[in-house]
Structures are given as structure tokens and as C-alpha cells.
Amino acid sequence: MGGPVLVAVAAAIGNFLQGWDTATIAGAVLYVKREFKLESEPTIEGLIIAMSLIGATCITTCSGYISDWLGRRLLLIISSVFYFLSGIVMIWSPNVYILLLGRLMDGFGVGLAVTLVPVYISETAPPEIRGLLNTLPQFTGSIGMFLSYCMVFGMSLSTIPNWRLMLGVLSIPSLVYFALTVFFLPESPRWLVSKGRMCEAIKVLQRLRDREDVTAEMALLVEGLGVGGETSIEEYIVGPANEDIEDPDISADRDQIKLYGPEPGLSWVARPVTGRSTLGLVSRHGSIASQSALVPVDPVVTLFGNIHAKLPETGSMQSVLFPHFGSMFSVGGNQARHEEWDEDESVIREGEDYLSDAAAGDSDDNLHSPLISRQTTTVETGIVPPAQGSFANLRLISLMQGNDGELVGSTGIGGGWQLVWKWSKKESQEKEEGFKRIYLRQEGTPGSIRGSLVSLSGAVAPSDSKYVKAVALVSQPALFSKELMKEHPVGPAMIHPTETAQGPSWSDLFEPGVKHALLVGVGIQILQQFSGINGVLYYTPQILKQAGVVFLLSNMGISSASASLLLSGITILLMLPSIAVAMRLMDIAGRRSLLLTTIPLLTISLLVLVIGAIVKMGNVTNAALSTISVVLCFFFFVMGFGPIPNILCSEIFPTRVRGICIAVCFLISWICNIIVTYSLPVLLKSIGLGGLFGMYAVVCAVSWVFVFVKVPETKGMPLEVIMDVFSVGAKRTS
């Protein structure tokens, strides 16, 4: 995992600069007000801080479309340039107007970094550690804030603190970020695939995954070219191919999917469940109970919850090698179709290595199909090479062991999911042929269920056989077209990605799954901003000063301004362990669970802060209570409500329009951020600290209800599977 981790750390430097800027302006504004005599003009003071947010809002309106058009990496490079130029302008600043210009340019850099870094990390990280890596921006941002507070505190101890130097230092780390984006960061492989640049995507994946064969993940990325579509959920029973099940609800051989094992001759069959099969009842009762218990919850949330509930809670971060369990185009009971296919694929069978080998001389036009390689089209003995992802949560050890009992690598696509295709021919008034794309994953507890089978009436199965219940998301592949059925030699109706690659389209936003995801993304971003935490971050020194920190540090001979800066830095430092805990839990407990746990604690902390501001308990007691409450607010915020909205927004949208959708979510977020930040000084003067944080506590309570009803759990799932689940759930909702 060294590749994606290092890339994520380098990309997260953009958030380090954002955190640095946030803390710097929070401290420098104390001296800016003094020089420009703004003590009696809170609107100008608010504008100096909010100008960065205005710049971020302006750039966000077009950043999504441009990133879908030109790529994520280019815009990260532009972000570093804006950071550098803003530092130069602010260190010059002869008057407040030039300072506002520098803050505007700084906002351009902030907007690009905050919007695109989570997208970039999500598109390069494996599903098993995607949550951990996407919490890195919160971690690096907090480190930037701590180091900046240390710098500002040190400068505040001088006779005449130089606020221009405080703000201008930003240009130094921005040069480091520029070098990393230019010379180290690769382009997002998902974006490259969306543009039909397959060979470049292969090379990037090989670098990120540190192996040659990336066929399985490339196939997944190609499937991400589609947006929504007619997705349905089917159930399968997976068992040894040489065992028969006498069950009227298990479909005939012609509908079975052949799954090849680690050795020739060792294979399994996934049999579709067409009705209320006795085999299916073994694990179905759990989902029925959970659905009835969560009546007010959105069907999308219920669907995600059922999928996650049927896997053992072992954590998706465990690195274990599990067996082969997948094949390319394979369907049992249709050998004639295989033979016909083999004739079409004779060129591939003669030994030419296309996608899986990624020869240096290949071009995208020479690739017959990114899904087909010599290894994966061999039907009888074709063994798919090990690929990224694992069946760790499925634990099909007893089914998939080789003769020597040793476990081998998996061909999964992450999070326990397998990607297979099925060629179908429907008998109706006229024959209809086509592919089905199937995301397949085991349901329930793994291992043998023979005891349950024998005890259920009507089920006839060998007492020593072993079966697995599987759930499947079935839809049309991204590279399928009836019109091109007879024009392409590489399998029926399989189109090369360069022919299907399309730019972002606003019409895709009206697809039911995308609309539903936008509702979730926009809603959680609005509530995050109106919880007030970003306003607190900008004004932490003044809040602590008003809370009475001067009484806590009066014996040290430190001025109230320096004391508030010192406590702000210490507060940020204490936040880092909380973020580390969140990084660990993000892929184990999950995003939804962390939100539902930390938001109530955040609400209680805000209420304690209200009590400390309203009830007079003595200067020292009030100051201590307010300071502790602010620290706890930060703790619980960075464990949940801080990073998770950005993580969710980077996960729930299709590749082709991910940039546009992210831009919409962040545009709304920046607008709300401006409102909160600009109004905070006025609210502090009008309703005081207690009334302000009382409002924020109410918003947090509303946020918990929204998360419970609307926000699904996405941990460990490939991005492409998440979108398919959203499509199914959105159709159920409508």
C-alpha cells in the first residue's frame, strides 16, 4: 500500500496549506485590525477573513467541470501556484485593498485543494483503506494549523508583531507543494480511463499497486464509465460445480455463472435464486428484521445497511490473501456460445498480451478491449492472476483451498466484491442477446451451512457440501451496445473505451441515483457548515480571549492576545490524537457510525459552552469551562463531522460527473461557510457567546437526524459499486 499512501500524503499537503492559512489569519487579524484601525468596523474585519472563502466559492463554481475535462492533477498544480502568489501579495500589502486581493487569490488555492484532494485520494486509494487515506487532509490541515499558531505565537511576543510576514510565509510551503504536484503525483487512473487513455491508466495503476497485472482493477474502472442505469439486485447460491441442488427455486444450468478456482478443474457455480428458496431463507430473515426496524430511514440507507450487516465485522483493513474466485466472460450451460466466442478471440488466444501486460509500445487504439487479456479469456483452464482487493470479509477458505491447503491471491475488486460478466440470450418473440455486469459478494456469515440446509424442509443437499449465499448488483456493462453488435471482433457488442469516453454532461445529474446522492452530499455539507465549527476555527483566539483566558495565564506575564494564540495552538495539537483515532475507525466502524456517535457528543460540548458563557461561576471557572468545551468541540468535530462529509462526497458520485457533483456540493458549502464566518463577529456582539453556541447546538441535533435518515454507510465498497447501490435505492425511493 506504499504507493497510494505516499500519493495521498503528497496530495494532502494542499490541505496543510489551507490549515496553515486558517490559523495564520486567525492570529494575524488581531494585528491587522490594530494597524488599519478596524476595531470599530467588524464588517471589514469579517470581510478580510471571508474574502478567502469568497475566492474559494468563485473557483469552485467551475473547478468541477474543469477537473472532469482537464484532470485532477492539473488543477492541484494550479492550486499550488495560487497559494504561492497569494503569499507574495499579502507580504507586500500596503493597504487593506491589496490585502483583500491576496486573500482572494489565497481563496482560489484553498477552493481547488479542498474540493479536489478528497476526489483525487478516493480515485487512487484501494477501497479497504480509502477512509483512512481520505482522513489525511484533516490530519495535515490540523498539523498546518498547529505549526502556524506556533509561528504566530512566537511573532506575537515581539515588540511590534509583523502580520505581513505571518501571512507571507505561506509562499514557502506552497513551493514544496508545487514540486510534489508536478514531479510526484500521477494523474487519477479513473479520470484517465474516463478519457479513453487506457495505457496511461495501466501504468499509473501499476505504480500505485506495485505489480504488473492490474487487469481486474482496470475492468472495474472501465465499468465506472457508466452513469446509473437499470440496476437490479439478485441473489445467488455459490457452491462446488460438481454438486447438484434439488431446489425448484434455483435456476437451471443455462443461467449459472462459472467461477474458476486456483487450479485447473477446480471451479464453483453461482446459481441464481429465482424465488423464496429454502437456501435463501437462511440469511434473508436478518434483512427483513432490519428493514422493519428502520421504517423512517431512507431506502438507500437501508439498502447499504443490509449489505454491510451481512458481513462479519472483522474490519476491511486486514491484509489477508484469499483465494481466486472469479473469471471473465463465463456462464455455465452455454458451451456453444463459448466456442463461438473463442473463434472471435483467436487473435488473443495466440499469445498477444493486451491490457494485462501493458506493453510499452501499446497505444490505446491497439487495445481490443481493456477487459480482455490472454489469461482471462481461457474458459477451461484460465486462471485470473492475483489482483488488488481481497475476499477478506468473505472467508471462503474452505471452498477455495488448493490441494495443498495453501491460500492464494484473490481477483476481487475490493471490499469482498467480485466483478463478473454474463452473456445472456432471452427467448421471446425474437432473440435478444447481451451482456450483464454483475458485482457479486457473499451475504451473511461464511463457511458451511449444511446443517441449516438439512434442517429446512424441502432442501435436498449432500450433508458434506458447502454453500455460500451471495448478493449481486446486476446491470448493463459500460461497454455494451446493441448497435455495434456485429461491428467489433472482440466479443459481441463490446466497445473499446476510447469510443465510449465522454466528457461530463449536466444531463447525467438528473439520473435518479445521482440526484439522490446529490441530496445527501449537499445536505450534509450545509449542516456541517451551520454547525459553526469553521467559524470557531477562524475566531478561536478571540473566543478564548472573550471567555477569559487572560485569567488562566496572567501569572505567566503573557498578553491576552498571545495567550489566546498559545491556547489555540495547544488545542490544535490535542486534536491530532482524535484525528488519528478517526483514521483508524473510518474503515472499521464506518463513516455513518462515527457521525451518529460523535455528533451527540459535539452537541453536548456546545451546550456546556453555553452554560459556561451564561452562568457566572467566577472568572477562572468560566474561563476553564469555556476552554475545555472548545477543546472537546474540536475533538468530536475532527473525529466525525470534520472529515466525513468530504469523504462521502468524494465516494458517492459516478466517475464521469464526479467533479461536477463535488463542485455543486462544495459550492453550497462555501456559500454557507461565508455566511457563518461573516456573521460570527456580529452575532458575538449581538447575542453573545452563549446564544451563538446555542444556535450551533440546535443545528447539530438536526444534523444527527439527517444522518440517521439519509446518510448511508460506504466503508470498504468500490466507488463503482456505491453508485450502483445508490441507483437501486433511488428507484426504490421513487
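Please read all numbers here as calculations on a predicted model, not as lab measurements.

## Let's talk about the overall build of the protein
When helices and strands are tallied, the protein shows 30 helices and 6 strands. Looking at the protein as a whole, 62% of its 734 residues are labelled buried. Of the roughly 26,500 Å² that the protein leaves accessible, carbon and sulfur atoms contribute 62%.

## Brief notes about the pairing of strand β6 (residues 468-475)
In terms of burial, β6 is largely enclosed, as 8 of its 8 residues are buried. Here β6 shows no split at all, with V468, A470, A472 and V474 on one side and K469, V471, L473 and S475 on the other all buried.

## Quick look at the nonpolar core
Counting residues in each nonpolar core, the largest one holds 158 residues, and the members touching the most others are F653 and F726. Residues in contact with F726, not counting those within four places in the same chain, are V300, F304, G513, H516, A517, V520, I652 and P712.

## What about the environment of M575?
By the secondary structure assignment, M575 is in helix α24 (residues 560-585). Through-space distance from the C-alpha of M575 to that of F634 is 6.6 Å; in sequence the pair is 59 residues apart. Each residue touching M575, except ones within four places of it in the same chain, is listed here: S142, F634, F635 and V638.

## Details of the packing of helix α11 (residues 198-209) against helix α12 (residues 215-223)
Running from amino to carboxyl end, α11 crosses α12 at an angle of 130°, the nearest separation of the two axes being 10 Å. Viewed along their axes, α11 and α12 adopt a mutual orientation that is oblique. For the element pair α11 and α12, the recorded crossing hand is right-handed. Within the contact between the two elements, α11 uses M198, A201, I202, L205 and R209 and α12 uses E217, M218, L221 and V222. Taken together, the residues of the contact of α11 with α12 break down into 7 nonpolar, no polar and 2 charged.

## Section: a nonpolar patch on the surface
Together, Y65, W69, L70, L74, I78 and W506 give the surface a local cluster of nonpolar side chains, amounting to about 600 Å² of exposed area. Elements represented by at least two residues in the nonpolar patch include exactly α3 (42-70) and α4 (72-92). Top element by residues in the nonpolar patch is α3. It accounts for 3 residues. Position of W69 among the secondary structure elements: in helix α3.

## Observations regarding the environment of E511
One can find E511 in the loop between α19 (497-500) and α20 (512-530). In this structure E511 comes out as buried when scored by relative accessible area, which is 12%. Along the chain, E511 and G228 lie 283 residues apart, while their C-alpha atoms are 6.5 Å from each other. Not counting residues within four places of it along the chain, the set of residues in contact with E511 comprises V227, G228, G229, M723, S727 and K731.

## Here we look at the packing of aromatic side chains
Using the criterion set out here, one finds 6 aromatic pairs in the structure. On the numbers, 5.3 Å between centres and 65° between planes, the contact of F82 with F108 is edge-to-face. Linking F82 in helix α4 with F108 in helix α5 (residues 96-124), this pair joins segments that are 26 residues apart in sequence. Ring geometry for F693 against Y696: centres 5.7 Å apart, planes inclined by 90°, an arrangement best described as edge-to-face. With F693 and Y696 both in helix α29 (residues 688-710) and 3 residues apart, the pair spans about one turn of that helix.

## Some remarks on the packing of α3 against α5
At their nearest, the axes of α3 and α5 sit 6 Å apart, and the two run at 40° to each other. It follows that α3 is oblique to α5 by the angle criterion. Here α3 runs over α5; the crossing is right-handed. Class assignment of the residues belonging to the contact of α3 with α5 gives a composition of 17 nonpolar, 8 polar and 2 charged.

## Things to note about the pattern of salt bridges
Counted by the stated rule, this structure contains 17 salt bridges. R164 is paired through a salt bridge with E35; the nearest N and O atoms lie 2.9 Å apart. Residue R164 is found in helix α8 (residues 163-168), and its partner E35 is found in helix α2 (residues 13-36); the two are separated by 129 residues along the sequence. On the accessibility criterion, E35 (36% relative accessible area) is partly exposed. The salt bridge partner of D298 is K710, with a shortest N-O separation of 2.8 Å. Remark: K710 occurs in helix α29 and D298 occurs in the loop between α13 (281-293) and α14 (299-309); sequence separation between them is 412 residues. The structure contains a network of salt bridges with shared partners spanning D68, R72, E123 and R658.

## Side note on helix α27 (residues 644-651)
The buried fraction of α27 is high, at 8 of 8 residues. Those residues of α27 that fall on the buried side of the exposure criterion are I644, P645, N646, I647, L648, C649, S650 and E651.

## Observations concerning the environment of G87
Along the chain, G87 falls in helix α4. Discounting residues that sit within four places of it in the chain, G87 has contacts with L167, G168 and S171.

## Description of helix α28 (residues 658-686)
The first and last C-alpha atoms of α28 sit 41 Å apart over 29 residues, in line with the 42 Å expected at 1.5 Å per residue. The sharpest bend along α28 comes to roughly 45°, located at L680, with the proline P681 sitting one to four residues further on. Where α28 terminates, the next one or two residues include G688, which has phi positive at roughly 80°.

Rules of the game
- Residues numbered from 1 in each chain as written.
- Predicted model: local features only at pLDDT ≥ 70, side-chain atom pairs only at ≥ 80, totals over all residues.
- Heavy atoms only, no water.
- Helix = DSSP H or I, 4+ residues; strand = E, 2+ residues; numbered from the N terminus.
- Buried < 20%, exposed > 50% of the residue type's maximum accessible area, 1.4 Å probe, protein only.
- Areas by Shrake-Rupley, 256 points an atom, 1.4 Å probe, with all protein chains shown as cover.
- Core = buried A, V, L, I, M, F, W, Y, C linked by side-chain atoms within 4.5 Å.
- Contact = heavy atoms within 4.5 Å.
- Axes fitted to C-alpha atoms, helices over the stretch in contact; angles between N-to-C directions.
- Parallel < 35°, antiparallel > 145°, perpendicular 65-115°, else oblique.
- Left-handed = near helix turned anticlockwise from the far one by under 90°.
- Nonpolar A, V, L, I, M, F, W, Y, C, P; charged D, E, K, R; others polar.
- Patch = residues over 30% accessible without salt bridge, like charges linked within 9 Å, V, L, I, M, F, W, Y side chains within 5 Å.
- Salt bridge = Lys/Arg side-chain N within 4 Å of Asp/Glu carboxyl O.
- Phe/Tyr/Trp six-rings, centres within 6.5 Å; stacked < 30°, edge-to-face > 60°.
- Expected span 1.5 Å × (residues − 1).
- Bend = angle between axes of the 7 residues up to and from the residue.

Bear in mind that shape data such as this cannot, by itself, settle questions of function.
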